[in-house]
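If you want the building blocks of each chain, they are given just below.
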Amino acid sequence: MNNLKGLGVALVTPFNEDLSVDFDSLTKLVEYNITNGTNYLVVLGTTAEAATLSDEEKNAVIQHIIKVNNKRLPLVLGIGGNDTMQVKRQIEETDLSDFDAILSVSPYYNRPSQEGLYQHYKVLAGTGKQIIIYNVPSRTGQNVEASTTLRLAKDFPNLFLIKEAAANINQYFDILRQKPEHFNLVSGDDEYTLPVTLAGGHGVISVIGQGYPKEFSTMVQLAFDGKVKEAYEIHNKLVEITRLIFAEGNPAGIKTILAEMGIIKNHVRLPLVIATPGLQDKIKAEMAKI
């Protein structure tokens, strides 16, 4: 799965003023990323506000992105949850012919033990599908420890990649240092993208990257090429806006950027709300600097 390398973006779901899905803006967003260097697209991840989409809306979003993409970039589909057997059934029943892999977040709310997390992904691996483990403790309430990730990587070859978003960067480095050769890691934290890629990571599944795909994909490629100084110049240019977009939760910040660029309209669904006027002003001022 070397095609899932570089800049992957976790696409937002654009909404109209009445909070229906804005398919025209979704077309613009996909085209913007394809033409500006994004390497692959992640559909219905957390950033897509998938938790607030009906099954019918999810299917419509999937089919629309497949159509617009037209096989130009690899696609990854988010399928996760905290009922292991339900996630397994969903993976087995979903038509994955247009997708290279599934991104499956670790179970949230239940807070399983490390053995429970291992058994969860063991069941998902049993589907035979290519699966990306997604560890994001700030959202799930439970960390998939490096030892658990490494155990899964060694036991199940189709668990071939982890999107790692633990707060402790040492966990990324522990996985990269000890992983089997077939297994890879991408950063799930935009700010860690460059050091993690330089340490041997496969890049990032990014939020900010869909706003600045040309810059972010260039930075990652420079890291692959060992051009550290040039890569850090881009990192340093984008680090402040990367921090700003998460200041009041995701995707309020990135939607502010995309709306300011004229790609989407600035709407989110409850319980999320749009960025406060003060944060929007800070984001727009930083955009002007970039």
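Fair warning: this is a prediction, and the values are worked out from it, not measured in the lab.

Undergrad: Looking at this structure, I do not really get the overall build of the protein. What am I missing?
TA: Of regular secondary structure, the protein possesses twelve helices and eight strands. The C-alpha atoms of the protein give a radius of gyration of 18 Å, which matches the 19 Å a tight globule of 290 residues would have. C-alpha extents for the protein along the principal axes are approximately 50 × 45 × 35 Å. Within the protein, counting contacts between residues at least 6 apart in sequence, those at least 24 apart form 70% of the total. Of the roughly 12,300 Å² of accessible surface on the protein, 48% is carried by carbon and sulfur atoms. Taking the average location of the 28 positive side-chain charges in the protein and that of its 33 negative ones, the two points are 3 Å from each other.

Undergrad: Please clarify how the UniProt feature "site: Part of a proton relay during catalysis" (unreviewed entry) in the protein should be interpreted in this entry.
TA: This chain's UniProt record puts "site: Part of a proton relay during catalysis" (unreviewed entry) on Thr46 and Tyr109. From this annotated list, the subset lining the largest pocket comprises Thr46. Note on placement: Thr46 falls in the loop between strand S2 (40–43) and helix H2 (55–69). Residue classification places Thr46 among the partly exposed positions, given a relative accessible area of 31%.

Undergrad: Teacher, can you tell me more about the UniProt feature "binding site: pyruvate" (unreviewed entry) in the protein here?
TA: As recorded in UniProt, the sites labelled "binding site: pyruvate" (unreviewed entry) are Thr47 and Ile205. Over a stretch of 159 residues, the named residues converge on one spot in the fold, their C-alpha atoms separated by at most 10.8 Å. Checked against the lining of the second largest pocket, the annotated residues reduce to Thr47 and Ile205. Not counting chain neighbours up to four residues away, the residues in contact with Thr47 comprise Ala10, Leu11, Val12, Thr13, Val207, Gln210, Asn250, Pro251 and Ile254. The residue Ile205 is located in strand S8 (residues 203–206) in this model. Judged by relative accessible area, which is 1%, Ile205 ranks as buried. With residues near it in sequence (within four places) discarded, Ile205 still touches Gly8, Ala10, Tyr40, Val42, Lys163, Val186, Ser187, Gly188 and Asp190.

Undergrad: Can you walk me through the pattern of salt bridges in this structure?
TA: Between side chains of opposite charge, a pair can form as their charged atoms come close. The full count for this structure, using the stated rule, is eleven salt bridges. Lys88 is paired through a salt bridge with Glu92; the nearest N and O atoms lie 2.9 Å apart. Of the two residues, Lys88 and Glu92 are both situated in helix H3 (residues 84–93); the distance of four residues between them amounts to about one turn of the helix. A relative accessible area of 44% places Glu92 in the partly exposed class.

Undergrad: Hey, could you run me through the environment of Pro74 in this one?
TA: Residue placement: Pro74 occurs in the loop between H2 and strand S3 (75–78). In contact with Pro74, other than residues within four places in its own chain, are Asn3, Leu4, Asn39, Tyr40, Leu41 and Asp100.

Undergrad: Sorry, what's going on with the packing of aromatic side chains here?
TA: Each aromatic ring pair is summarised here by two numbers: the centre-to-centre distance and the angle between the ring planes. All chains considered together, the criterion is met by two aromatic pairs. Measuring from ring centre to ring centre gives 5.9 Å for Tyr118 and Phe156, while their planes differ by 45°; the resulting arrangement is tilted. Residue Tyr118 is found in helix H4 (residues 114–125), and its partner Phe156 is found in the loop between helix H6 (146–155) and strand S6 (159–164); the two are separated by 38 residues along the sequence. Assigned by exposure class, Tyr118 and Phe156 land together as buried. Ring centres 5.3 Å apart and planes at 80° place the aromatic pair Tyr172 and Tyr192 in the edge-to-face group. In this pair, Tyr172 is assigned in helix H7 (residues 169–178) and Tyr192 in the loop between strand S7 (184–187) and helix H8 (193–198), connecting sequence segments 20 residues apart. In this pair, the class of Tyr172 matches that of Tyr192, namely buried. It is Lys5 that lies over the ring of Phe224; its NZ or CZ is 4.7 Å from the centre. Above the face of the Tyr118 ring, Arg151 is positioned so that its terminal group lies 3.5 Å from the ring centre.

Undergrad: Can you walk me through the side chain of Gln114 in this structure?
TA: Turning to its location among the elements, Gln114 is positioned in helix H4. The buried category is assigned to Gln114, whose relative accessible area is 19%. Gln114 has contacts with Asn143, Val144, Glu145 and Thr148, leaving out every residue within four places of it along the chain.

Undergrad: Hey, could you run me through H4 in this one?
TA: Because an α-helix packs 3.6 residues into every turn, residues spaced three or four apart end up facing the same way. Taking 1.5 Å per residue, twelve residues should reach 16 Å; H4 reaches 16 Å between its end C-alpha atoms and fits that length. Gln114, Leu117, Tyr118, His120, Tyr121, Leu124 and Ala125 are the residues of H4 that are buried. Seen end-on, H4 carries its buried residues on one side only, within an arc spanning 160°.

Undergrad: How do you make sense of the packing of helix H1 (residues 23–34) against H2 when you look at a structure like this?
TA: A pair of packed helices can be characterised by two numbers: the angle between their axes and the separation between those axes. Following both chains from N to C, one finds H1 and H2 inclined at 45°, their axes separated by 10 Å at the closest point. Taken as axis vectors, H1 and H2 run oblique relative to one another. By crossing handedness, the relation of H1 to H2 is classed as right-handed. Mapping the contact onto sequence places Phe23, Leu26, Thr27, Val30, Glu31 and Ile34 in H1 and Ala60, Val61, His64, Ile65, Val68 and Asn69 in H2. In terms of residue class, the contact of H1 with H2 is made up of eight nonpolar, three polar and one charged.

Conventions we followed
Residues numbered from 1 in each chain as written. Predicted model: local features only at pLDDT ≥ 70, side-chain atom pairs only at ≥ 80, totals over all residues. Heavy atoms only, no water. Helix = DSSP H or I, 4+ residues; strand = E, 2+ residues; numbered from the N terminus. Rg over C-alpha atoms; globule rule 2.2 N^0.38 Å. Contact = heavy atoms within 4.5 Å. Areas by Shrake-Rupley, 256 points an atom, 1.4 Å probe, with all protein chains shown as cover. Lys, Arg positive; Asp, Glu negative; His and termini not counted. Charge placed at Lys NZ, Arg CZ, Asp CG, Glu CD. UniProt positions renumbered as here; feature names shortened; annotations may be inferred. 1 Å grid on protein atoms, 1.4 Å probe; cavity = no way out; pocket = protein on both sides within 12 Å on 5 of 7 lines; lining within 4 Å. Buried < 20%, exposed > 50% of the residue type's maximum accessible area, 1.4 Å probe, protein only. Salt bridge = Lys/Arg side-chain N within 4 Å of Asp/Glu carboxyl O. Phe/Tyr/Trp six-rings, centres within 6.5 Å; stacked < 30°, edge-to-face > 60°. Lys NZ or Arg CZ within 6 Å of the ring centre and 35° of its normal. Expected span 1.5 Å × (residues − 1). Arc of directions from axis to C-beta. Axes fitted to C-alpha atoms, helices over the stretch in contact; angles between N-to-C directions. Parallel < 35°, antiparallel > 145°, perpendicular 65-115°, else oblique. Left-handed = near helix turned anticlockwise from the far one by under 90°. Nonpolar A, V, L, I, M, F, W, Y, C, P; charged D, E, K, R; others polar.

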